[in-house]
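Working through the structure, step by step
Chain by chain, the residues run as shown.
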Amino acid sequence: ERMGYIKDPGLRTHYAQIAALNAAVGVLLRPQKAEGLDKNTIVIFTRDNGGPDADRNPYENLPFRGWKITYFEGGFNVPYFIRWPGHVKPGTYVRGIASSLDLFPTLIKAAGGKLPADREYDGVDLAPALTGKAPDSLLDRTLYWRKEEYRAVRRGDWKLQTTKYPDKVWLFNLGIDPVERYNVAAQHPDKVAELKALYAEHEKKFVTPLWPSQTRTRVDIGGWSRELCGGTHVRS
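So, a few notes on the structure that sits alongside this text. Just so you know, these numbers come straight off a predicted model, no measurement behind them.

The final tally for this structure, using the stated rule, is 13 salt bridges. The salt bridge involving R151 is made with E203; its shortest N-O contact spans 2.9 Å. Remark: E203 occurs in helix 5 (residues 189–203) and R151 occurs in strand 4 (residues 150–155); sequence separation between them is 52 residues. A relative accessible area of 22% means that E203 is categorised as partly exposed. Residue K191 pairs with E194 through a salt bridge whose shortest N-O separation is 3.2 Å. Here K191 and its partner E194 are both found in helix 5, three residues apart, which amounts to about one turn of the helix. For K191, a relative accessible area of 17% translates into the label buried. Taken together, the salt bridges that share partners define one network made up of R146, E149, R151 and E203.

A few words now on the pairing of strand 3 (residues 142–147). With six bridges joining them, strand 3 and strand 4 adopt antiparallel strand pairing. Within the sheet, the bridge partner assigned to L143 lies in strand 4 and is R154. Taking the residues between adjacent antiparallel strands as the criterion, strand 3 and strand 4 are bridged by two residues, where E148 takes a positive phi near 55 degrees.

With that settled, consider the layout of surface pockets. By volume, the largest pocket is sized at about 1600 Å³. Contributing elements (two or more residues each) for the lining of the largest pocket: helix 2 (73–76), strand 2 (80–83) and strand 3. Residue composition of the lining of the largest pocket, grouped by class: 27 nonpolar, twelve polar and ten charged. Estimated volume of the second largest pocket: approximately 580 Å³. Along its surface, the second largest pocket is lined by 20 residues, and H14, L21, R47, E60 and P79 are the ones closest to its centre. Listed by contribution, the elements that provide at least two residues to the lining of the second largest pocket are helix 1 (9–34), strand 1 (43–46) and helix 2. Here the lining of the second largest pocket gets five residues from one element, more than from any other, and that element is helix 1. Grouping the amino acids of the lining of the second largest pocket by side-chain chemistry returns eight nonpolar, nine polar and three charged.

All chains considered together, the criterion is met by nine aromatic pairs. Arranged with centres 6.0 Å apart and planes meeting at 50 degrees, the rings of F45 and F81 form a pair that is tilted. Within this pair, whereas F45 is found in strand 1, its partner F81 is found in strand 2, the two being separated by 36 residues in sequence. For F45, a relative accessible area of 30% translates into the label partly exposed. Counting every residue linked through ring pairs, the aromatic cluster contains Y71, F76, W145 and Y150.

What follows is about the sheet that holds strand 4. As summarised here, the arrangement of the four strands in space is 3-4-5-6, forming an open sheet in which the pairing is antiparallel. Two strands close off the open sheet at either side, each with one partner strand: strand 3 and strand 6 (168–173). The mean inter-strand angle of the sheet, taken between neighbouring strand axes irrespective of direction, is 10 degrees. As paired strands, strand 4 and strand 5 (residues 158–163) are joined by five bridges and run antiparallel to one another. Opposite R151, over in strand 5, you have T162 as the bridge partner. With respect to the sheet, helix 5 is in contact with strand 3, strand 4, strand 5 and strand 6, its orientation differing from that of strand 4 by roughly 110 degrees.

Rules of the game
- Residues numbered from 1 in each chain as written.
- Predicted model: local features only at pLDDT ≥ 70, side-chain atom pairs only at ≥ 80, totals over all residues.
- Heavy atoms only, no water.
- Salt bridge = Lys/Arg side-chain N within 4 Å of Asp/Glu carboxyl O.
- Helix = DSSP H or I, 4+ residues; strand = E, 2+ residues; numbered from the N terminus.
- Buried < 20%, exposed > 50% of the residue type's maximum accessible area, 1.4 Å probe, protein only.
- Pairing = 2+ DSSP bridges.
- 1 Å grid on protein atoms, 1.4 Å probe; cavity = no way out; pocket = protein on both sides within 12 Å on 5 of 7 lines; lining within 4 Å.
- Points joined across faces, edges and corners; volume = space filled by probe spheres on them.
- Nonpolar A, V, L, I, M, F, W, Y, C, P; charged D, E, K, R; others polar.
- Phe/Tyr/Trp six-rings, centres within 6.5 Å; stacked < 30°, edge-to-face > 60°.
- Axes fitted to C-alpha atoms, helices over the stretch in contact; angles between N-to-C directions.
- Contact = heavy atoms within 4.5 Å.

As far as function goes, none of this settles anything; it's purely spatial.
Here it is in structure tokens:
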């Protein structure tokens, strides 16, 4: 009702959600300040994935292509704000790639804990990048995603997606094409081969699942995603 002056129902819902979320963040932060805990508390604002398909709200992922379930930027390019008084200067912008996987090692170390050394961690400690000690340490990271036969790998600005249903390859240089309009896989076969090799090497570490998936992900060209017939049908 507060946004009733906006005629477009999707846009009205979008701005109403922003206003409600802003108020909810205040509900969380005010008691910290009142109890004197705000100077010794790390607050992270993020989300698990991109928004739903355009049928539900066409504004949520703009300007990015794709939606949650897809590996396009609209599927997992999300807000990632961290407030850490005395360590991170307000207004700091960190270049590179960060993931929610980084929260575990970052928070453990910030709290004075020590990670066991007998295992490999998917995330990294963000503190050197956040505090300015190593501001460019996140630039050339490599991250991987997989769901059944749908895979993605990103190293630096280059991101590769591959699917089996249909047999398709997407390659994007996010440094010059952040909204993934131009698939340049045909123009850069060497980069495709390089990123495929990276993923193949990474996949050697995987264990065989005890409960293999009984569904199949299909990725087509279009702009929306929807669950169909026991499997996931994704158009993007």
